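# Observations on chain architecture
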Amino acid sequence: MYLFICNLSIVDIFYTSVTVPKLLHMLLSGNHIVSSAQCYMQFYFSSFVASVEAILLFVMAYDRYVAICDPLHYHLFLSRRNCIPITFGIWAAALLNSTIFTTSALYMSSCHSNIIHQFFCDVKSLTKSTCTTSKMFIVITSLEILIFGFIPIIGTLISYGNIFSVIFKMKSKESRKKSFTTCSSHIVVISIYYGTCIIGYLIPTSSEVLETVFNVIYTSIIPMINPIIYSLQNSNVQSALLRLLRDKS
């Protein structure tokens, strides 16, 4: 569990590093020009970290499923020997996916406008400015939505469906509370992540201000609050916060 949380923290650092520095530079300098090379580089790394986080959140849901529904086999299925190759596989798969996705985007020609009404280069902002979309890009985008969208969401829902069915069958109230506590942080994180992501991509293209707000939440706010959410689950952190509140009061 802590290995995956550590990787999630690294992903969150990368998330903010992809978008925030360039945004701050534009706000402070007043220079809003982004070259094509910078745009596609930003697109490459943003799709890379998004792919890692999508797979990682699904694997963490499976981790909680095994821990609650099949605890006796937890160290068999999710031992260090198994988790380290899984982690490397997640990053390697995301790197390969981002390379293919960005390469397919390079074949699109920009003719409507060279202005992107957004603070970073993503799929929606790039497709708005193009007049010809390659078949390869359409196919890869569809696979992206399937592999990194529907499959992780469905897999996560199935995992938590089984988790809740096991929790509700527990006779002890203390056992139910303890089991729910082990997955509460992850539930909050995936709810915020997928909720913001889905709403952001369902917003009509004409609602640029609303789209920007959700993109800021998705790329900047969520990576900052994820460590806080997971830290509050730790009993030592909870005790330290309670002591701090008592001292101030």
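As the structure is a computational prediction, the values presented were derived from the model and not from experiment. Residue positions are given per chain, counting from 1 as you read along its sequence in written order. Restriction of local features to residues with pLDDT of at least 70 applies here, the model being predicted, together with a cutoff of 80 or more for giving and counting side-chain atom pairs; totals for whole chains, interfaces and linings are based on all residues. Heavy atoms throughout the structure, all of them, feed into the side-chain values; hydrogens and water do not.

## Quick notes on the overall build of the protein chain
Going along the chain from the N terminus, every DSSP run of H or I of four or more residues is numbered as a helix, and every run of E of two or more is numbered as a strand. Secondary structure summary: the protein chain contains nine helices and two strands in total. Reading the helices (α) and strands (β) of the protein chain from amino to carboxyl end gives α-α-α-α-β-α-β-α-α-α-α. Sorting the 249 residues of the protein chain into buried and exposed places 39% on the buried side. Any two residues whose heavy atoms approach within 4.5 Å are treated as being in contact. In the protein chain, once contacts between residues fewer than 6 apart in sequence are set aside, the share between residues at least 24 apart is 74%. When the accessible surface of the protein chain is summed, it comes to about 14,300 Å², and 71% of that surface belongs to carbon and sulfur atoms. Buried residues are those whose accessible area, probed at 1.4 Å on protein chains only, stays under 20% of the maximum for their type, while exposed residues exceed 50% and partly exposed ones sit between those limits. Each accessible area is a Shrake-Rupley result for a 1.4 Å probe, and residues are judged covered by the shown protein chains and nothing else.

## What to know about a nonpolar patch on the surface
Exposure above 30% relative accessible area and no salt bridge define the residues that can form patches, which grow by joining like charges within 9 Å and nonpolar side chains of Val, Leu, Ile, Met, Phe, Trp and Tyr within 5 Å. In the sections that follow, a salt bridge refers to a side-chain nitrogen of Lys or Arg positioned within 4 Å of a carboxyl oxygen of Asp or Glu. Taken together, Val139, Leu143, Ile145, Leu146, Ile147, Phe150, Ile151, Ile154 and Ile158 make up a surface patch of nonpolar side chains, about 830 Å² in accessible area. If you trace the backbone, Ile145 turns up in helix H6 (residues 135-169). In this structure Ile145 comes out as partly exposed when scored by relative accessible area, which is 46%.

## Observations regarding the confidence of the model for the protein chain
Summary statistics for the protein chain give a mean pLDDT of 80 and a share of 87% for residues scoring 70 or more. No element of the protein chain has a lower mean pLDDT than strand E2 (residues 130-132), which averages 64, and none a higher one than helix H4 (residues 80-105), which averages 88. The score called pLDDT rates the predictor's confidence residue by residue, from a low of 0 to a high of 100.

## Overview of the environment of Ile68
Residue placement: Ile68 occurs in helix H2 (residues 36-69). On the basis of relative accessibility, which here comes to 10%, the residue Ile68 falls in the buried class. Leaving out residues up to four positions away in the same chain, Ile68 has contacts with Ile163, Val166, Ile167, Met170, Ser179, Thr182 and Cys183.

## Section: the packing of aromatic side chains
The pairing test for Phe, Tyr and Trp rings, Trp by its six-membered ring, is centres within 6.5 Å, and the orientation test on the planes gives stacked under 30 degrees, edge-to-face over 60, and tilted for anything in between. One pass over the full model with this rule turns up nine aromatic pairs. Between Tyr160 and Phe164, the ring centres sit 6.0 Å apart and the planes meet at 35°, which makes this aromatic pair tilted. Of this pair, Tyr160 and Phe164 both sit in helix H6, separated by four residues, roughly a single helical turn.

## Re the packing of H2 against H4
Across the interface, H2 lies against H4 with an axial gap of 8 Å and an inter-helix angle of 145°. Where H2 crosses over H4, the handedness of that crossing is right-handed. Between H2, through Tyr40, Phe43, Tyr44, Ser47, Phe48, Ser51, Val52, Ile55, Leu56 and Val59, and H4, the contact on the second element is made entirely by Ile86, Ile90, Trp91, Ala94, Leu95, Asn97, Ser98, Thr99, Phe101, Thr102 and Ala105. By residue class, the composition of the contact of H2 with H4 is 15 nonpolar, six polar and no charged. To obtain each axis, a line is fitted to C-alpha atoms, and for helices this fit is confined to the stretch in contact; angles are then taken between N-to-C directions over 0 to 180 degrees. If you view the pair so one helix is near and one far, a crossing is left-handed when the near helix is turned anticlockwise from the far one by less than a right angle, and right-handed when it is turned clockwise. Three residue categories are used. Nonpolar comprises Ala, Val, Leu, Ile, Met, Phe, Trp, Tyr, Cys and Pro, charged comprises Asp, Glu, Lys and Arg, and polar comprises the others, including Gly.

## Digging into the UniProt feature "transmembrane region" (unreviewed entry) in the protein chain
UniProt positions are given in the numbering used here, feature names are shortened, and annotations may be inferred rather than shown by experiment. Listed under "transmembrane region" (unreviewed entry) in the UniProt record, and renumbered for this structure, are residues 43-62, 83-107, 145-168, 180-203 and 215-233. The annotated region residues 43-62 carries 100% helix and 0% strand content, and the separation between its end C-alpha atoms amounts to 29 Å.

## Concerning the nonpolar core
Each nonpolar core is a collection of buried residues, namely Ala, Val, Leu, Ile, Met, Phe, Trp, Tyr and Cys, held together in the definition by side-chain atoms within 4.5 Å. Counting residues in hydrophobic clusters, the biggest one holds 36 residues, and the most contacted among them are Val11, Val52, Leu56, Leu57, Met60 and Tyr160. Sorting the residues of this core by element identifies helix H1 (2-29), H2, H4, H6, helix H7 (173-202) and helix H8 (208-231) as the ones contributing at least two each. Every residue in contact with Leu57, bar those within four places of it in the chain, is listed here: Leu8, His186, Val189, Ile190, Tyr193 and Tyr194.

## Some words on the packing of H1 against H2
Two numbers describe how H1 lies on H2: the axes approach to 10 Å, and their chain directions differ by 155°. Our classification of the angle between H1 and H2 gives roughly antiparallel. Like other packed secondary-structure pairs, H1 and H2 cross with a definite hand, here left-handed. Tallied by class, residues from the contact of H1 with H2 come to 15 nonpolar, five polar and four charged. In what follows, roughly perpendicular refers to angles from 65 to 115 degrees, roughly parallel to angles under 35, roughly antiparallel to angles over 145, and oblique to any angle outside these ranges.

## Concerning the state of the cysteines
By definition, disulfides here are pairs of cysteine sulfur atoms that lie within 2.5 Å. Taken as a whole and assessed by the stated rule, the structure comprises zero disulfides. Here Cys69 is not disulfide-linked; the sulfur of Cys183 is the nearest cysteine sulfur, at 9.3 Å. Taking relative accessible area as the criterion, Cys69 reaches 25% and is therefore assigned partly exposed.

## A word on the side chain of Asp12
Turning to its location among the elements, Asp12 is positioned in helix H1. Only four residue types enter the charge count: Lys and Arg as positive, Asp and Glu as negative, with His and the chain ends excluded. Salt bridges are absent for the buried Asp12, whose nearest opposite-charge side chain, Arg64, sits at 16 Å. Each residue touching Asp12, except ones within four places of it in the same chain, is listed here: Glu53, Pro223, Asn226 and Pro227.

## Details of H4
Every helix has an expected span of 1.5 Å times one less than the residues it contains. With 26 residues, H4 extends 37 Å from end C-alpha to end C-alpha; this agrees with the ideal 38 Å at 1.5 Å per step. Here the buried face of H4 lies against H1, H2, helix H5 (123-128) and H6.

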